[in-house]
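# What the coordinates show
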Amino acid sequence: MLILQCPYCGVMADESELSAGGEAHLKRFGPGSDDAEFQAYLFQRENPKGVHFERWRHSYGCGKWFHAARNTATLEVYGTYFAQVTEPPAELRKKISAAVPGWRWRDFA
Ligand SMILES: [Zn+2]
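A brief report on the enclosed structure follows. (Residues numbered from 1 in each chain as written. Predicted model: local features only at pLDDT ≥ 70, side-chain atom pairs only at ≥ 80, totals over all residues.)

## Here's the deal with the overall build of the protein
Regarding its fold elements, the protein presents two helices and six strands. When the helices and strands of the protein are read in sequence order from the N terminus, they spell out β-β-β-α-β-β-β-α. The C-alpha radius of gyration of the protein comes to 15 Å, within 12% of the 13 Å expected for a compact globule of 109 residues. Counting the 109 residues in the protein, one finds 16% classified as buried. Expressed as a percentage of contacts within the protein between residues at least 6 apart in sequence, the contacts between residues at least 24 apart total 48%. (Helix = DSSP H or I, 4+ residues; strand = E, 2+ residues; numbered from the N terminus. Rg over C-alpha atoms; globule rule 2.2 N^0.38 Å. Buried ≥ 20, exposed ≤ 12 C-beta atoms within 10 Å, placed from the backbone. Contact = placed C-beta atoms within 7 Å.)

In C-alpha cells, the structure reads:
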C-alpha cells in the first residue's frame, strides 16, 4: 500500500486518504501558445519506469495538494514536498541521486 506523508499536516496517509493528480511540474501553455504546445501540455506525460514526480491531494485529511517523488519500479517513496514550488527541493534531488545512481534530473523550464 502506498503511504505518503502530507507535508502540510504531517499525517502518514495511506492511498485511501489520497487522490492522485497526475504528473507534477508540468509547464503550462495557455493563450498565445501554438497548437502543438497546447496539445503536448494537455496530453503528453512522461510515465517513466523509475523516478517520478507526482501531484497528490490529501483528500480525506487537510485537503491540500502536495508533490511526491517516488520510484514507479520499486515503489520506494523518496519524499513529499509543498505544491507551491516549480521544481523538487535540492535536498530531495540529492537523496534520489544517492538512491538511483545515474539518475538525471530532467530539464524543467
Ligand atoms: Zn494533510
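Next comes the rest of the description.
## Structural notes on the environment of Pro48
Its place among the elements puts Pro48 in the loop between helix H1 (35-43) and strand S4 (51-57). According to the C-beta neighbour criterion, Pro48 is partly exposed, with 13 such atoms within 10 Å. When the C-alpha atoms of Pro48 and Ile3 are compared, they prove to be 20 Å apart, with 45 residues separating the residues in sequence.

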